[in-house]
Amino acid sequence: MSAPKRNYNKAELIKKDLAHHMPAQADYSHIEARGGSTIITRADGCNFYDIDGKEYLDGMAGLWCVAVGYGRKELAEVAYEQMLELPYYNSFFKTANVPAIELATKIAGIAGGKLQHVFFNSSGSESVDTMYRVVRRYHALMGQPERKAFIARTNGYHGSTVLGASLGGMSAMHAMDDAPVPDMHHIMQPYKFNLGFDETEEAFCDRAVKSLEDKILELGADKVAAFVAEPIQGAGGVIIPPEGYWKKIEAVCRKYGVLLVCDEVICGYGRTGEWFGHQTYGVTPDIITTAKQLSSGYAPISATIISSDIFEVLKTKGEDFVHGYTYSGHPMCAAVALKNLEIMENENLVAKTRDITAPHLAKALKRLESHELVGEARSKGLLGAVEIVAEKGTNKRFGGKEGKAGPIVRDICIKNGLMVRGIRDSIVMCPPLVIDTAGIDKMVDIIEKSLNEAKAELLKI
Ligand SMILES: *Cc1c(COP(=O)(O)O)cnc(C)c1O
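### Regarding the overall build of the chain
- Helix and strand counts for the chain come out as 17 helices and 15 strands.
- Over its C-alpha trace the chain gives a radius of gyration of 22 Å, about what one expects of a compact globule, namely 23 Å for 461 residues.
- When the backbone C-alpha atoms are referred to their principal axes, the chain occupies close to 65 × 60 × 45 Å.
- Looking at the chain as a whole, 53% of its 461 residues qualify as buried.
- Sequence separation of at least 24 residues holds for 71% of the intrachain contacts in the chain that already meet a minimum separation of 6.
- Roughly 20,200 Å² of accessible area belongs to the chain as shown, and the carbon and sulfur atoms make up 54% of that amount.

Okay, structure coming up:
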């Protein structure tokens, strides 16, 4: 299954990479100081390999996306066939293509309920931009153009366009370019371990929900357009909300006529053990934004899925919805995504996640919770996080400040052949949905071994 090994000139590639290629989210001087990027050359199943042939278990499914694993011939074949038949055509000229139509229909089927209308884009960020434009247009057509405010959450991640960075709640992103753009507001994230350590789950939940209601009342209920949140915050540190949070959030939105938007770019397509994260939490959003696992990362495509109530307003009251991308509904990307969803269905990946691998991950992490450096090890579906603490039984951090321990443990995990992320002081994981229970055990074992190895260095912070 694996792609053939090729002989590359590593020194030459590193030189070109440093001279010309700008990697994402990077400190360019640091990349140079460490002797260049790690060049990844091939991948198979749940593993990938660097240019030196070192094998890594992919605990991050690429970047939260490779649900069906690497090396899927069916996806390569469908891309090849589609590129020969119709490599490209736009949807600006009252035109459509077969894969885009079939994919929209497939997505509407698995989303169910009123989420029946699909707008395609190429990335999660674009999916969020589309959502924003739909929401603004909808309220304008409903005669409420003053509903402009968007409420999202601290450490939420909604992409890296100006709008995505503004709607997201990442302070480092806001600082870089005077974001957020106007009308963006942020409330607390439902991060009990950090923000409600001594509270009961119920009290913390009510406080987190109240922060939304307070913000709506502060802004004026008739000024708020939408509340946007990830069912489980991903890049914010795999923040799993307390029991009951989402149902109560939904009730607050309905009470004030605020649209409920779930950013399902990570949770969508099986990650939480249902097709979508909002299904896991039993709520009915008006719009969902999706990307990543839609194509398992094999092709850049995203989908903004809109309720029929909103679509009817756009249709009957509107003129042109003046929005679209050159690559909206790209036929090759749509064909790959459609095949990807078919693979997920044929291999029962969503039910397998819910019934087998997610419970197994939860059990393996429970074991890790007794480790002296671990304050909490949580998971939902195949999303997990391990909180590193300086003092067992507390949420005290090494060096008295968050963000010092995480990168140290992460780097040791990577050295030990497991790709995970260190977000502040947690190690987060999001393995491909095709991982088996042995793969999960291996992942958790490497984290445990890496924590043991890290101890001496952590104590020096
Ligand atoms: C990754 C992500 C995005 C942005 O997707 P891109 O494809 O990187 O533009 C948006 N929202 C969430 C929740 C994400 O995880």
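### Quick look at the nonpolar core
- In terms of nonpolar packing, the biggest core is built from 103 residues, with Leu103, Ile107, Phe227, Tyr269 and Met344 touching the most fellow members.
- Residue contributions to this core reach at least three from each of two domains, namely domain 1 (38-68 + 348-459) and domain 2 (75-346).
- Ignoring sequence-local partners within four residues, the contact set of Leu103 consists of Phe120, Leu294, Ile301, Ala334, Ala337, Leu338 and Leu341.

### Observations regarding the sheet that holds strand β1 (residues 40-44)
- In spatial order, the strands read β1-β2-β3-β13; together these 4 strands make up an open sheet with mixed pairing. Taken across any chain shown, the strands that pair with only one partner, and hence form the sheet edges, are β1 and β13 (418-419).
- Of the strand pairs in this sheet, strand β3 (residues 55-58) and β13 are connected by 2 bridges, and their pairing is parallel. Looking across to β13, one finds that Leu57 is bridged to Leu418.
- Together, β3 and β13 form the strand contacts of helix α17 (residues 437-459), whose direction differs from that of β3 by roughly 110 degrees.

### A closer look at the packing of aromatic side chains
- On inspection of all chains with the given rule, the structure shows 8 aromatic pairs.
- Relative to Phe321, the ring of Phe119 has its centre 6.2 Å away and its plane inclined at 90 degrees; by these criteria the two rings are edge-to-face. On the criterion of sequence distance, the pair formed by Phe119 in strand β4 (residues 115-121) and Phe321 in the loop between α13 (308-317) and α14 (331-346) is long-range, its members being 202 residues apart.
- Here Phe321 falls in the partly exposed class, since its relative accessible area comes to 24%.

Rules of the game
- Residues numbered from 1 in each chain as written.
- Predicted model: local features only at pLDDT ≥ 70, side-chain atom pairs only at ≥ 80, totals over all residues.
- Heavy atoms only, no water.
- Helix = DSSP H or I, 4+ residues; strand = E, 2+ residues; numbered from the N terminus.
- Rg over C-alpha atoms; globule rule 2.2 N^0.38 Å.
- Buried < 20%, exposed > 50% of the residue type's maximum accessible area, 1.4 Å probe, protein only.
- Contact = heavy atoms within 4.5 Å.
- Areas by Shrake-Rupley, 256 points an atom, 1.4 Å probe, with all protein chains shown as cover.
- Core = buried A, V, L, I, M, F, W, Y, C linked by side-chain atoms within 4.5 Å.
- Domains from an automatic or database assignment.
- Pairing = 2+ DSSP bridges.
- Axes fitted to C-alpha atoms, helices over the stretch in contact; angles between N-to-C directions.
- Phe/Tyr/Trp six-rings, centres within 6.5 Å; stacked < 30°, edge-to-face > 60°.

Distances and angles like these do not, on their own, reveal function.
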